[in-house]
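Close look at the chain arrangement
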Amino acid sequence: MIAIVAWYFPFESGLSGNNVEITDFSWYNSSKINETHTQVTLSTDINYRDKQAYEYSFAENSQTDVIPTRIQILSREYKPYEDEEIPYTLLYEEDIILTYRKPFKYETTLDLENNMEYDVQTIIVFEREFDYPNPYGEELRWEQLGGWQQLIST
């Protein structure tokens, strides 16, 4: 029973819950485009640091030193005093290749509405393919490998 729990829950076995870490998250080059929008540049380092944390996600005998992933940047207006939760909207996504223990320098430019405070999430996801038949009833699923969240004001 203990072995099963340790296998299914990496944090129980001493491994981290996320095997991809986002660090040095910053915004710069903020410039007004027009009366309603501002252009900002997002810069971050993405570190693939723990390939054993979710090794069950990869096909047996697959190459896990280099993995194809997708970065997704989502945002929502930050309103801490409202009872109703505002859903996140996908701002940008891009496919990237991560190499084990080699930082990936990532940068993108986004257009945000002026005079607003945003709750921005940046997440890294991996497309997991299941063998047939599989217990989940689906052929593939996106799994989150890591992420970062920050408030941004324009």
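Scroll up for the structure.
Residues numbered from 1 in each chain as written. Predicted model: local features only at pLDDT ≥ 70, side-chain atom pairs only at ≥ 80, totals over all residues. Heavy atoms only, no water.

This part covers the nonpolar core. Val 20, Trp 27, Ile 46, Ile 96, Leu 98, Tyr 106 and Ile 124 are the most contacted members of the largest nonpolar core, which has 23 residues in total. Taken together, the elements giving at least two residues each to this core come down to strand S1 (20–32), strand S2 (37–48), strand S3 (66–77), strand S4 (89–99), strand S5 (104–113), strand S6 (117–129) and strand S7 (140–153). (Core = buried A, V, L, I, M, F, W, Y, C linked by side-chain atoms within 4.5 Å. Buried < 20%, exposed > 50% of the residue type's maximum accessible area, 1.4 Å probe, protein only. Helix = DSSP H or I, 4+ residues; strand = E, 2+ residues; numbered from the N terminus.)

Moving on, we get to the pattern of salt bridges. Going through the model one piece at a time under the given rule, you end up with six salt bridges. Arg 70 is paired through a salt bridge with Asp 95; the nearest N and O atoms lie 2.7 Å apart. Of this pair, Arg 70 sits in strand S3 while Asp 95 sits in strand S4; the two residues are 25 residues apart in sequence, bridging distant segments of the chain. By relative accessible area, Asp 95 is classed as exposed at 52%. A salt bridge links Glu 85 to Arg 76; its shortest N-O distance comes to 3.3 Å. For Glu 85, a relative accessible area of 65% corresponds to the exposed category. You can call Arg 76 buried: its relative accessible area is 18%. One network of salt bridges, with partners in common, ties together Arg 70, Glu 93 and Asp 95. (Salt bridge = Lys/Arg side-chain N within 4 Å of Asp/Glu carboxyl O.)

Here the focus is the sheet that holds S2. Strand order in the open sheet formed by three strands is S1-S2-S5, with antiparallel pairing between adjacent strands. Strands with a single pairing partner mark the edges of an open sheet, and in this sheet they are S1 and S5. Within the sheet, the average angular offset between the axes of one strand and its neighbour, ignoring direction, is 20°. Two elements, S2 and S5, share 10 bridges in a ladder whose sense is antiparallel. Paired with Val 40 across the strands is Leu 110, a residue of S5. (Pairing = 2+ DSSP bridges. Axes fitted to C-alpha atoms, helices over the stretch in contact; angles between N-to-C directions.)

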